[in-house]
Amino acid sequence: MGIRYRKSIKICKGVRMNISKSGVSYTFGGRGASVNVGRNGTYLNTGIPGTGIYSRERLDTPAHQPTPSYNPEPGAVQIIMNDRGHVELYDDLGDLITDPARIRRIKAGAQYGAAMRAMEAQRRQKLGEIMRDQTAASDNLIRIYKHAPKVETEAVFWQKLEDLRPEPYIRQKFGQAAPDAGQLRAQLEAEARENVKTLAFWRRKSLRADYVRERFDRQYPEDLARWERAKRDFEDMESLREQDEFLRRREECQQQRQQLQRLGDGDPEAVEQTVGNWLGDMSLPVDVSVNYTYDADVGALLLDVDLPEIESLPTTQYVQLQSGNLTERKKTQTQLREEYATLIFGIAVFLAANLFNLSPAITGIVLSGYSQRRNAAGDVQDDYLLSVRFTRAPFEKECAGDCDPIEFCQRFENRCKMTATKILKPIEPYAD
């Protein structure tokens with residue numbers, strides 16, 4: 001069964017600047033806040049995206065404006081800082097500019113230097129974020145074992161079954177506010193001032209009071225009765241919904257209890273179905289396929305795992321220089337072998353911990369992992385690289401995700417031929 005990785009990390013590609021016939025203009029930042037540097041000055045643009053509200057503030061003063069020393073050449077020139085902090089120049093056709101003389105002319109402009117200084121802090125921050133994202137992505141790939149859970153004891157499993165209850169339904173509250181007598185009276189008084197007018201000013205107050213009283217005595221009871229009917233209808237619907245939800249959730253809870261009871265008893269069909277469902281739903285940052293069988297007589301789960309090849313690991317890594325720029329460097333073969341050993345032993349630990357947690361009836365797991373490698377003749381063949389007889393107790397005592405996966409696997413009966421430099425040699429796996 002295949003386990004596939006579904007997560008992706010998006011990395012921003014950097015900052016853009018444009019140069020046209022009218023001069024040089026640079027904009028740094030994104031929606032909501034940006035800095036624009038050009039021949040007319042340096043401005044801070046702020047606003048609320050999607051509202052049309054914005055402001056523009058000049059950061060320099062005309063008295064301190066430097067005289068541009070750059071005479072733009074015909075056509076637009078686009079300056080792009082890539083995700084490693086390197087500046088690249090492109091012409092109006094989108095072609096990379098490589099002529100050294102032309103590059104020197106473009107970079108000689110005062111605005112170019114001012115813009116680069118203005119964006120330096122932002123550039124370093126962005127590159128630092130990219131470096132952290134790269135490190136996190138690498139750790140997520142290589143250190144899968146860190147996601148291994150603590151395995152629960154049999155007593156905890158049965159206690160959870162005992163405590164399992166249908167989730168109570170929380171009735172919704174009627175959201176419409178009751179009629180406000182004071183608000184209605186104020187509204188009618190405003191209408192009275194607008195509608196009741198007379199030259200007999202001494203009668204004006206009493207006439208307006210009569211206007212308000214007559215309408216209030218008629219309208220308020222109607223509004224209140226209408227609100228009470230709507231509230232009663234809503235509460236009646238909530239009562240029906242509560243009954244339906246109670247029956248549905250009780251049925252779901254009964255089914256869950258039955259399934260957990262079967263898992264606790266080690267029912268072969270229930271265990272194999274649950275293992276298959278978990279493997280089908282789980283995602284990993286590498287391609288892994290698993291074949292499995294469950295021996296109910298001894299409570300053993302047998303796993304045959306098609307591991308990723310060492311070629312699936314990235315062979316380079318980003319390194320941040322003192323200048324803040326990122327450079328890509330090749331990993332050494334020793335580093336790649338160490339990472340690969342951590343990866344495949346980590347996969348074994350991750351799978352075993354999660355599968356032990358599915359049922360206390362699973363007391364042992366025999367996991368054998370193989371990978372496709374070329375033999376001396378250059379033909380691709382399946383080589384088993386590890387085979388481990390996991391028992392449940394050590395997983396219950398400590399979280400395997402906090403341990404070194406290679407050392408943790410070596411606590412159990414195992415077959416693995418690994419040199420001091422982490423070269424993995426083929427082995428004969430356990431048959432059961």
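Residues numbered from 1 in each chain as written. Predicted model: local features only at pLDDT ≥ 70, side-chain atom pairs only at ≥ 80, totals over all residues. Heavy atoms only, no water.

1. Some details on the overall build of the protein chain
This is how it is decided: Think of it this way: any DSSP run of H or I at least four residues long counts as a helix, any run of E at least two long counts as a strand, and we number them from the N terminus. We call a residue buried when its accessible area falls under 20% of the maximum for its residue type, exposed when it is over 50%, and partly exposed in between, using a 1.4 Å probe and counting protein chains only. Whether two residues are in contact is decided by their heavy atoms: any pair within 4.5 Å suffices. Using a 1.4 Å probe, accessible areas were evaluated by the Shrake-Rupley method; residue-level cover was limited to the displayed protein chains.
For the protein chain, the count of helices and strands is 10 helices and 17 strands. Per-residue burial over the protein chain gives 35% buried out of 432 residues. Once local pairs closer than 6 in sequence are excluded, the contacts in the protein chain between residues at least 24 apart make up 62%. When the accessible surface of the protein chain is split by element, carbon and sulfur atoms take 49% of a total near 25,800 Å².

2. Some words on the packing of helix 6 (residues 201-265) against helix 7 (residues 268-281)
What counts, and what does not: Here, axes are lines fitted to C-alpha atoms. For helices the fit covers the stretch in contact, and angles between N-to-C directions go from 0 to 180 degrees. Roughly parallel refers to an angle under 35 degrees, roughly antiparallel to one over 145, roughly perpendicular to one between 65 and 115, and oblique to any angle outside these ranges. Any residue that is not Ala, Val, Leu, Ile, Met, Phe, Trp, Tyr, Cys, Pro, Asp, Glu, Lys or Arg is counted as polar, Gly included; the first ten are nonpolar and the last four charged.
Relative to each other, helix 6 and helix 7 sit at 105 degrees, their axes nearing to 8 Å. Of the possible angle classes, the one that applies to helix 6 and helix 7 is roughly perpendicular. Taking contact as the criterion, the partners of Q259, R262 and L263 in helix 6 are, on helix 7, E269, A270, V271, Q273 and T274. Counted by class, the contact of helix 6 with helix 7 contains 3 nonpolar, 3 polar and 2 charged residues.

3. Notes on the pattern of salt bridges
We count it as follows: Criterion for a salt bridge: a side-chain nitrogen of Lys or Arg within 4 Å of a carboxyl oxygen of Asp or Glu.
For the structure shown, the criterion picks out 19 salt bridges. The closest approach of N and O atoms between E245 and R248, which form a salt bridge, is 2.7 Å. A residue pair is termed a helical-turn pair when its members lie 3 or 4 positions apart in one helix, as E245 and R248 do in helix 6 at 3 residues. By relative accessible area, which is 17% here, E245 ends up buried. Exposure remark for R248: the relative accessible area of 38% places this residue in the partly exposed category.

4. Digging into the pairing of strand 10 (residues 300-306)
Two faces make up the sheet, and in a regular strand the side chains alternate between them. What counts here: At least two DSSP bridges between two strands are required for those strands to pair.
Here strand 9 (residues 288-295) pairs with strand 10 via 7 bridges, running antiparallel. Along strand 10, the bridge assignment pairs N291 with D304. Taking the residues that link successive antiparallel strands as the turn, the strand 9-strand 10 hairpin has 4 residues, and the phi of G299 there is positive, at about 65 degrees.

5. Things to note about the nonpolar core
Note that soluble globular proteins tend to have their nonpolar side chains buried in a common cluster. Stated precisely, the cut-off is as follows: Residue types Ala, Val, Leu, Ile, Met, Phe, Trp, Tyr and Cys, when buried and joined through side-chain atoms within 4.5 Å, form a set referred to as a nonpolar core.
If you look at the biggest cluster of nonpolar residues, it comprises 56 residues, and the most contacted ones within it are L301, L303, L351, I365, L367, F390 and F395. Breaking this core down by element, the ones donating at least two residues are helix 3 (120-142), helix 7, strand 9, strand 10, helix 8 (333-356), strand 13 (364-374), strand 14 (380-391) and helix 10 (405-409). The biggest single contributor to this core is helix 8, with 15 residues. Apart from residues no more than four positions distant in its own chain, L303 is found in contact with V290, N291, Y292, L355, I365, V366, L367 and S368. Listed in part, the 7 residues of the second largest apolar core include V196, Y211, V212 and F216.

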